[in-house]
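# Fold and contact review
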Amino acid sequence: GAVVSQHPSWVICKSGTSVKIECRSLDFQATTMFWYRQFPKQSLMLMATSNEGSKATYEQGVEKDKFLINHASLTLSTLTVTSAHPEDSSFYICSVTSPRALLNQPQHFGDGTRLSIL
Amino acid sequence: DQQVKQNSPSLSVQEGRISILNCDYTNSMFDYFLWYKKYPAEGPTFLISISSIKDKNEDGRFTVFLNKSAKHLSLHIVPSQPGDSAVYFCAASKKDGGATNKLIFGTGTLLAVQP
């Protein structure tokens, strides 16, 4: 069964609106979750590491004020794309890793959210 | 700076034959490598992984080979099946100063297995 639930799966909205994407860990408590973005025919690019109870760690070039991450519980992280513009249109994917993750335990990915900004 | 590269954007093989997907990396600090399979509009699914201290890991039809001196790894699928048709990503991991391990993904290879 699914380990990670991501919602919504598809969002279409007008430019200037804010969009919230939820990522839930279903099988275990996740102190760490990751948010990725994938443009068409490109690689998955890590945007940020979401840490339960503390601030997210953003990768170089990712605007933290643009992509707000909240990891308020051990099973839920949210990514809010604020004042979204057409260039933010992309496929956003979250992943979770267990608290006792060993080096050889893979990250479990959600099914992604297709965001289309008109 | 693409630290993990998959130079073949696509690969087509006949059912029953071997599929070989290649991946090169530049960062010698990577200590773990993984292969993921991805269908359109879905998240990646973990396939197989290998530690940098090994040169081969096998799981059923999937075998991953690692050549550290060449900074190269490959995924072998044999025999290939039509259901294997998907985009395959290799990913590399290194310690990030803590318990979490970031993944750096390659650009993916679209595998098409012809019946």
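Structure: see above.
### Regarding the overall build of chain A
- Secondary structure summary: chain A contains zero helices and 11 strands in total.
- The helix and strand sequence of chain A, counted from the amino end, reads β-β-β-β-β-β-β-β-β-β-β.
- Here the C-alpha radius of gyration of chain A, 14 Å, is about what a compact globule of 118 residues would show, namely 13 Å.
- Taken along its principal axes, the extent of the C-alpha atoms in chain A is 40 × 30 × 25 Å.
- With 118 residues in all, chain A has 49% of them scored as buried.
- Long-range contacts, defined here as pairs at least 24 residues apart, represent 55% of the contacts in chain A between residues at least 6 apart.
- Carbon and sulfur atoms make up 51% of the accessible area of chain A, which amounts to about 6000 Å² in all.
- In chain A, which carries 10 positive and 9 negative side-chain charges, the distance between the mean positions of the two groups comes to 2 Å.

### Brief notes about the overall build of chain B
- Helix and strand counts for chain B stand at zero helices and 11 strands.
- Principal-axis analysis of the C-alpha atoms gives chain B an extent of 45 × 30 × 25 Å.
- Here chain B holds 115 residues, and 47% of them are scored as buried.
- Taking as baseline every contact in chain B between residues at least 6 positions apart, the subset at least 24 positions apart corresponds to 55%.
- Roughly 5500 Å² of accessible area belongs to chain B as shown, and the carbon and sulfur atoms make up 50% of that amount.

### Brief notes about the environment of F89 of chain B
- Here F89 of chain B lies in strand β9 (residues 86-95).
- A sequence separation of 84 residues divides F89 of chain B from K5 of chain B, and the C-alpha atoms of the two residues are 9.6 Å apart.

### Regarding the state of the cysteines
Residue and element names in this part refer to chain A.
- One pass over the full model with this rule turns up two disulfides over all chains.
- Between the sulfur atoms of C23 and its disulfide mate C94 the distance is 2.0 Å. Note on the C23 and C94 pair: the S-S dihedral is about 80°, so by sign convention the disulfide is right-handed. Of this pair, C23 sits in strand β3 (residues 19-25) while C94 sits in strand β9 (residues 90-97), placing them 71 residues apart in sequence.
- Under the relative-accessibility criterion, C23 is labelled buried at 0%.
- We classify C94 as buried; its relative accessible area is 0%.

### Details of the sheet that holds β3 of chain A
Residue and element names in this part refer to chain A.
- The sheet built from four strands is open, its strands ordered β1-β3-β8-β7 with antiparallel pairing. Two strands close off the open sheet at either side, each with one partner strand: β1 (4-7) and β7 (67-73). This sheet shows a mean twist of 15° between the axes of neighbouring strands, independent of strand direction.
- Relative to strand β8 (residues 76-81), β7 is paired through five bridges, and the arrangement is antiparallel. Counterpart to I69 in the pairing with β8 is L79.

The rules behind the values
- Residues numbered from 1 in each chain as written.
- Chains lettered and ligands numbered in written order.
- Predicted model: local features only at pLDDT ≥ 70, side-chain atom pairs only at ≥ 80, totals over all residues.
- Heavy atoms only, no water.
- Helix = DSSP H or I, 4+ residues; strand = E, 2+ residues; numbered from the N terminus.
- Rg over C-alpha atoms; globule rule 2.2 N^0.38 Å.
- Buried < 20%, exposed > 50% of the residue type's maximum accessible area, 1.4 Å probe, protein only.
- Contact = heavy atoms within 4.5 Å.
- Areas by Shrake-Rupley, 256 points an atom, 1.4 Å probe, with all protein chains shown as cover.
- Lys, Arg positive; Asp, Glu negative; His and termini not counted.
- Charge placed at Lys NZ, Arg CZ, Asp CG, Glu CD.
- Disulfide = S-S within 2.5 Å.
- Pairing = 2+ DSSP bridges.
- Axes fitted to C-alpha atoms, helices over the stretch in contact; angles between N-to-C directions.

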